[in-house]
Amino acid sequence: MAPVLPLVLPLQPRIRLAQGLWLLSWLLVLVGGLTLLCSGHLLVQVWHLGTFLAPSCPFSALPQVALAASAVALGTGLVGSGASRASLDAEQYPPWRGVLGPLLVAGTAGGGGLLVLALGLALALPGTLDTGLEEGLGSALAHYKDTEVPGRCQAKRLLDELQLRHHCCGRHGYKDWFGIQWVSNRYLDPNDHDVVDRIQSNVEGLYLIDGVPFSCCNPHSPRPCLQSQLSDPHAHPLFDPRQPNLNLWSQGCHEVLLGHLQGLASTLGNMLAVTFLLQTLVLLGLRYLQTALEGLGGVIDGEGEAQGYLFPAGLKDMLKTAWLQGVGPHRPAPGEGPPEEEPPKEGLPEA
Amino acid sequence: MALLKVKFDQKKRVKLAQGLWLMNWFSVLAGIIIFGLGLFLKIELRKRSDVMNNSESHFVPNSLIGVGVLSCVFNSLAGKICYDALDPAKYAKWKPWLKPYLAVCVLFNVTLFLVALCCFLLRGSLESTLAHGLKNGMKFYRDTDTPGRCFMKKTIDMLQIEFKCCGNNGFRDWFEIQWISNRYLDFSSKEVKDRIKSNVDGRYLVDGVPFSCCNPNSPRPCIQYQLTNNSAHYSYDHQTEELNLWLRGCRAALLSYYSNLMNTIGAATLLVWLFEATITVGLRYLHTALEGMANPEDPECESEGWLLEKSVPETWKAFLESMKKLGQGNQVEAEGEDAGQAPAAG
């Protein structure tokens, strides 16, 4: 049985490996911590913007999985630093001997799996943001006037605060506000001619105006904000509706939020990639260190040349051994025939 | 009668020195934090110096920065002294400097305490600076084409949005100034001409406010103009309407923000002062314990440490005596010279 990817490790290279591994582990702890903070930040942002993302949008899964993956990476780094430190000290190593094997398996399977899943989500999910934001923002705009409807009464405040904080107006531009009724019927005077005319001239009986809420106003404008009669060139002196740039925010909230969230997701994706790389290196190093020290029987300072390897045998051989070890004891014994057949069979793989 | 005597054997002395060394390094960290807090306060004051007429007093943040730097310097020095204190050879070179150093430490502690008090007490000057600054800021709101003042509109708008406030004391302050520039008034309109004529100074005053006063929590779209005219808006009563605009004045909002900031910083500085005072007391005990060793060559001997050699009134008397002697010493020398010259001449 030939070990997979063997590496001869005399004493000095072993010590170097342990020291390098210690440094790499602390680096992994640092990067894992940063990724943890980054995914926490993204989680908070997604939670704040929850009203503007459709409930069916799966984007919130990304920060949650990334949080778990970076926590496991942090743990791996701490374990790696402890183990590599212990491997240089003969007194501290024995308690690690029994624990290191299962920890490596858990780290590779759990941590590696979570990281790969998080990376996959970081690549795939930002694409779903577009439709999620369309739906969410559209619904928020439609419910802007429903400040008395339970369950929707926060839409006005949240949308105003969004436009004020992110410096945007409407979904794709300020003209989105012309297409919906954002003034509630409770504040419309039924005896006013203008109001009645507008409602009657609309097919669906909506009160549509060429005006926007105050939160679209841009403080950088040199003149006090113009919010109403925006399509009428004669309504305001010295105002040219073909150049409303400075008066209102020109960007739509869809583009702004999309850019913001996609930027955060791509940063997170980059950090997850770096964490994955570091974790692979740390786990590989730990495996080689472990197998080399096992070869010496757990004696740290042994001058002998130990061989470190990834797996004791090829994949096929390992599967065969595992199969036989699992199947052999469970075979029913209908007499003395099978027990006689077993020793020769077990002898074969050893040959 | 020594003040607060404590017996020290070798182990205790070593423990004291080690403990003091650790505390000194933590104190260096605390000094860096005080420095950072002072810098933060300075930056926050600078950020809003536009609405404070550029005349705000930077005394508090500057003194915090100074005290932070001094604390770092003194405490790292004290750490070095504590480290050397257990080695008689190294300690010998520090011996003559310790008494003056301790005196400087006591002065520094007093300064630190005064700075912490200042953080709590200097709020009053900020209030008047804010009142004047905001009044001017609102006056220049419309001057967006005057070089040097063109940014005031943006500053005030963003201030009102960020701090959720309106005007100086309330939104009615906007009724008393002309915040719409003449460039955007249609002088051919009868309404505009009437308003300007009816005003003594020829200003265009409206009962309206800028958009930044609007409160997003209001259930109805923001009403900015004709605020005192109930009939101009459907189902509107300006006496009972509370959610339409921000009700707080920006002076109160900014004052409360800076007060909270300075209170927090003052509390942190007081904690650091307590820590520093403990370190000074510990250093004094270490100093007197090492001085009091009967046999300097034998490190195992016991010694006593105390704060003051005699009780407080006696120490004060001795201090005054030594001051007098210093003064008299010059006189005695002068008389001696005269007496010496007289026989020489005679």
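Everything below is about the structure shown above.
Conventions adopted
Residues numbered from 1 in each chain as written. Chains lettered and ligands numbered in written order. Predicted model: local features only at pLDDT ≥ 70, side-chain atom pairs only at ≥ 80, totals over all residues. Heavy atoms only, no water. Helix = DSSP H or I, 4+ residues; strand = E, 2+ residues; numbered from the N terminus. Buried < 20%, exposed > 50% of the residue type's maximum accessible area, 1.4 Å probe, protein only. Contact = heavy atoms within 4.5 Å. Areas by Shrake-Rupley, 256 points an atom, 1.4 Å probe, with all protein chains shown as cover. Buried area = accessible area lost by both parts, 1.4 Å probe. Polar contact = N/O pair within 3.5 Å; in protein donor to acceptor, adjacent residues only side chain to side chain. Expected span 1.5 Å × (residues − 1). Bend = angle between axes of the 7 residues up to and from the residue. Patch = residues over 30% accessible without salt bridge, like charges linked within 9 Å, V, L, I, M, F, W, Y side chains within 5 Å. Salt bridge = Lys/Arg side-chain N within 4 Å of Asp/Glu carboxyl O. Core = buried A, V, L, I, M, F, W, Y, C linked by side-chain atoms within 4.5 Å. Arc of directions from axis to C-beta. Phe/Tyr/Trp six-rings, centres within 6.5 Å; stacked < 30°, edge-to-face > 60°. Lys NZ or Arg CZ within 6 Å of the ring centre and 35° of its normal.

**Student:** Just checking my understanding: could you explain the overall build of chain A for this structure?
**Tutor:** Helix and strand content of chain A: nine helices and two strands. In chain A, the succession of helices and strands from N to C terminus is β-α-α-α-α-α-α-α-β-α-α. Considering chain A as a whole, with its 351 residues, one finds that 41% of them fall into the buried category. Pairs at least 24 residues apart make up 74% of the contacts formed inside chain A by residues separated by at least 6 positions. Here chain A has roughly 18,400 Å² of accessible surface; of this, 63% comes from carbon and sulfur atoms.

**Student:** Just checking my understanding: could you explain the interface of chain A and chain B for this structure?
**Tutor:** Accessible area lost when the parts come together is the quantity often used to give the size of an interface. At the junction of the two partners, chain A supplies 26 residues and chain B supplies 25 residues. Among the residues chain A hides against chain B, the three largest losses belong to Tyr187, Phe214 and Pro219 of chain A. Together they make up 27% of the total. In this structure, the connection of chain A to chain B is made through six residue pairs in polar contact (both at pLDDT 80 or more).

**Student:** Where do I start with helix H3 (residues 93–124) of chain A in this structure?
**Tutor:** In an α-helix, one turn spans 3.6 residues, which is why side chains three or four residues apart end up on the same side. Residue and element names in this part refer to chain A. Given a rise of 1.5 Å per residue, 32 residues ought to cover 46 Å, and the 43 Å separating the end C-alpha atoms of H3 matches this to within 8%. Where H3 bends most, at Val99, the angle is about 45 degrees, and the proline Pro102 comes one to four residues later. All of the buried residues along H3 are Tyr93, Leu100, Leu104, Gly107, Gly111, Gly112, Leu115, Ala118, Leu121 and Ala122. Those residues of H3 hidden inside the fold are in contact with helix H2 (61–86) and helix H7 (253–295).

**Student:** What am I meant to see in the environment of Ala267 of chain B here?
**Tutor:** Tracing the sequence through the fold places Ala267 of chain B in helix H7 (residues 250–291). In the structure, Ala267 of chain B is positioned 50 residues away from Asn217 of chain B in sequence and 34 Å away in space, judged by C-alpha atoms.

**Student:** Please clarify how the environment of Leu7 of chain A should be interpreted in this entry.
**Tutor:** Residues and elements named next belong to chain A. Mapped onto the fold, Leu7 is located in strand E1 (residues 7–9). Among the residues examined, Leu7 registers a relative accessible area of 41% and is labelled partly exposed. Distance from Leu7 to Leu310, taken between C-alpha atoms, is 9.1 Å for residues 303 residues apart in sequence. Non-local contacts of Leu7, meaning those with residues more than four positions away in its chain, are made with Tyr288, Ala306, Gln307 and Gly308.

**Student:** Any chance you could explain a nonpolar patch on the surface here in plain terms?
**Tutor:** All names here are of chain B. A cluster of nonpolar side chains, Trp21, Leu22, Trp25, Phe26, Leu29, Ile32 and Tyr83, forms an exposed patch at the surface whose accessible area comes to about 750 Å². At six residues, the largest contribution of residues to the nonpolar patch is made by helix H1 (residues 10–47). Topologically, Trp21 is positioned in helix H1.

**Student:** In this structure, what is going on with unusual backbone geometry? I would like to understand it.
**Tutor:** Most peptide bonds adopt trans geometry, and most residues besides glycine take a negative phi value. Positive phi outside glycine occurs at Asn54 of chain B, with the angle close to 55 degrees. Looking at the element boundaries, Asn54 of chain B is found in the loop between H1 and helix H2 (59–84).

**Student:** Is there a simple way to explain the nonpolar core in this structure?
**Tutor:** In summary, soluble globular proteins display a tendency toward joint burial of nonpolar side chains. Core analysis: the biggest nonpolar cluster contains 130 residues, and Phe59, Leu62 and Trp177 of chain A together with Trp174 and Val209 of chain B have the highest contact counts within it. When residues in this core are grouped by element, the largest group, 13 residues, is from H7 of chain B. Beyond its immediate stretch of four places on either side in the chain, Val209 of chain B contacts Cys166, Phe171, Trp174, Phe175, Trp179, Gln224, Leu227 and Leu245 of chain B. Core analysis: the second largest hydrophobic core is formed by 15 residues, Ala18, Ala83, Leu278 and Val282 of chain A among them.

**Student:** Looking at this structure, I do not really get helix H4 (residues 123–139) of chain B. What am I missing?
**Tutor:** Residue and element names in this part refer to chain B. For H4, which comprises 17 residues, the first-to-last C-alpha distance of 25 Å matches the rise-based estimate of 24 Å (1.5 Å per residue) to within 8%. The complete set of buried residues in H4 reads Leu126, Thr129, Leu130, Gly133, Leu134, Gly137 and Met138. Within H4, the buried residues cover an arc of 150 degrees as seen down the axis, which keeps them to one side. Turned more than 90 degrees from where H4 packs its buried face, His132 and Lys135 sit exposed.

**Student:** Looking at this structure, how should I read the packing of aromatic side chains?
**Tutor:** To describe a pair of aromatic rings, you give the distance between the ring centres and the angle between the ring planes. Counted under the stated rule, the structure contains 17 aromatic pairs over all chains. Both rings, one in Tyr144 of chain A and one in Trp182 of chain A, keep their centres 6.2 Å apart while their planes meet at 75 degrees; by these two values the pair is edge-to-face. With Tyr144 of chain A in the loop between helix H4 (129–142) and helix H5 (155–166) and Trp182 of chain A in the loop between H5 and helix H6 (193–201), this residue pair connects regions lying 38 residues apart in the sequence. For Tyr144 of chain A, a relative accessible area of 2% corresponds to the buried category. Plain terms: the ring middles of Tyr141 of chain B and Trp179 of chain B are 6.1 Å apart, the flat faces sit at 75 degrees to each other, and that makes the pair edge-to-face. With Tyr141 of chain B in the loop between H4 and helix H5 (152–163) and Trp179 of chain B in the loop between H5 and helix H6 (190–198), this pair connects stretches of sequence that are 38 residues apart. A relative accessible area of 2% means that Trp179 of chain B is categorised as buried. What links up through ring pairs into an aromatic cluster is the set Tyr141, Trp174, Trp179 and Tyr225 of chain B. Over the ring of Phe8 of chain B we find Lys12 of chain B; its NZ or CZ atom is 5.7 Å from the centre of that ring.

Spatial relationships are all this shows, so hold off on functional conclusions.
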